[in-house]
Amino acid sequence: MTLTIRDLFEKVNKQFQEQLALKAGEGGISNLVSWFHIIEGCEIASFLEGGEIVVITGIALHENHESLLCVLQQCVNKGASGCIVNLGPYIETLDTYVLNFCEENCFPLFTAPWSMSMSKVARIIALEITHNMERRNELVSAFRNAIFFPSQQELYVPVLERYDYETDWHYCICMLVLTTPDDALPITKELLRKLRARLDNRLAFLAPEAAILRTHSDLLICFANRSEDSIEAVMQQLCENAISNMKKQIRIYIGIGRNTKSVRCIHKTYRIALQAARLQQRMDKPYDVLSYRKMGISRLFLSMSDTEIMKEYYDSMLKPLITYDALNATDYTEFLQTYFDEGCHVQQVADKLFLHRNSIGYKLHKIEEILMCDLNDFETKVSLMLALKLRYLL
């Protein structure tokens, strides 16, 4: 799904007897490439959008008395992936400070001899980028059809098989529900593009088979032939490394579905992942990865299609308490949740809420009065726990 500097370097050198030579910035050899650009000055470099491999002959640098370092600095600032410098009459050698700059910034710098046809190099690079874009678009379209039109297998099975994705592999969807810190503001196209680029860059190393799809203002990642442990680890790393510094701009609620038996069932893992992500949103837990297999008893509710039955059960168990809280500005529902979260241990609840044990006893007695129940009864506890689980699923 991705094309890197290394891929292009190897492809070009297979076509020429004279070789591109990597002179600096090997740490960025796996940078992703989105396009290529011929740059001959700082002003033109300002039009880069990020992800390009840049070709520099030095003709305009010689005429405008600009330095190669100035152009490279602009390329790095604009997020270019690497560059090829055509050594010859305009750039005879590379100064040490140029090489040091590229090395420090992990910006791959290759040299090409003047006799090497740069037009042919550009053609090879353009074809590779175009083929990769076609492959990516076809795979994204195939996964989208598998999710939303599962019965029409002719729309996705042939494409996936053509690109070596086996039908009977395990597939799993991870859903990313996106909002801004101010829910009234929409997610901008630029912010979505920036997030997707970061995810693409990290997934190129962590899960190169994965595909990213956009659904409205949200994103989903489709993993193929990967264990659930591995998927959870990948998503944790994405949260820690790829998107952690975007928290002031965007809130991301993450849900992971279950591994399917084949690509024909991928719509099921999508539905589960979406419900898990929305559950995280209701509980206001951005950047906290929730996987289906760790949802406990909530997994049973996710498999139920009749939400009206769940709503009736929820109301029958908790509506009096919720109504009392609303009318009297109390928090007995939240207190009951804390009581169950702490294993019904009075002292632990007291410590967590900074209350005296007697206050805990009073609150429990009041809840029993409102709900007309006995909280010492095991079945009553279980029934109320289940109802509280439903609170975030309805």
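See the structure printed just above.
Source: prediction; values computed, not measured. (Residues numbered from 1 in each chain as written. Predicted model: local features only at pLDDT ≥ 70, side-chain atom pairs only at ≥ 80, totals over all residues. Heavy atoms only, no water.)

Some details on the pairing of strand 3 (residues 52-56)
The buried fraction of strand 3 is high, at 5 of 5 residues. In strand 3, alternate side chains face the same way, and those of Glu-52, Val-54 and Ile-56 on one face and Ile-53 and Val-55 on the other are all buried. Relative to strand 3, strand 2 (residues 35-38) runs parallel, the two being bridged by 4 bridges. Residue pairing across strands places His-37 opposite Val-54, the latter belonging to strand 3. Bridge count between strand 3 and strand 4 (residues 82-87): 4 bridges; the pairing is parallel. Of the residues in strand 4, the one forming a bridge with Val-55 is Ile-84. (Buried < 20%, exposed > 50% of the residue type's maximum accessible area, 1.4 Å probe, protein only. Helix = DSSP H or I, 4+ residues; strand = E, 2+ residues; numbered from the N terminus. Pairing = 2+ DSSP bridges.)

Some words on the sheet that holds strand 6 (residues 171-179)
In spatial order, the strands read 7-8-6-9-10; together these 5 strands make up an open sheet with mixed pairing. The open sheet has two edge strands with one neighbour each: strand 7 (211-215) and strand 10 (290-291). With 6 bridges joining them, strand 6 and strand 8 (residues 218-224) adopt antiparallel strand pairing. What sits directly across from Cys-174, in strand 8, is Ile-221.

Quick notes on the nonpolar core
Membership of the largest hydrophobic core comes to 31 residues, with the highest contact counts inside it found for Leu-176, Ile-221, Phe-223 and Met-235. Of all elements in the fold, only strand 6, helix 8 (189-206), strand 8, helix 9 (228-242) and strand 9 (251-256) reach the threshold of two or more residues within this core. Other than its neighbours up to four places away in sequence, Phe-223 contacts His-170, Tyr-171, Cys-172, Cys-174, Leu-203, Ala-207, Glu-209, Ala-210, Ile-231, Val-234 and Met-235. (Core = buried A, V, L, I, M, F, W, Y, C linked by side-chain atoms within 4.5 Å. Contact = heavy atoms within 4.5 Å.)

Regarding the sheet that holds strand 1 (residues 21-24)
Here 5 strands make up an open sheet; going across it, the order is 1-5-4-3-2 and the pairing mixed. Only two strands of the sheet have a single partner each, and these edge strands are strand 1 and strand 2. In this sheet, neighbouring strand axes are inclined to one another by 25 degrees on average, regardless of whether the strands run parallel or antiparallel. Inspection of the sheet shows strand 4 paired to strand 5 (residues 109-113) by 5 bridges, in the parallel sense. Residue pairing in the sheet places Asn-86 in a bridge with Ala-112 of strand 5. Contacts from helix 4 (residues 68-77) reach strand 3, strand 4 and strand 5 within the one sheet, and its direction differs from that of strand 3 by about 170 degrees. (Axes fitted to C-alpha atoms, helices over the stretch in contact; angles between N-to-C directions.)

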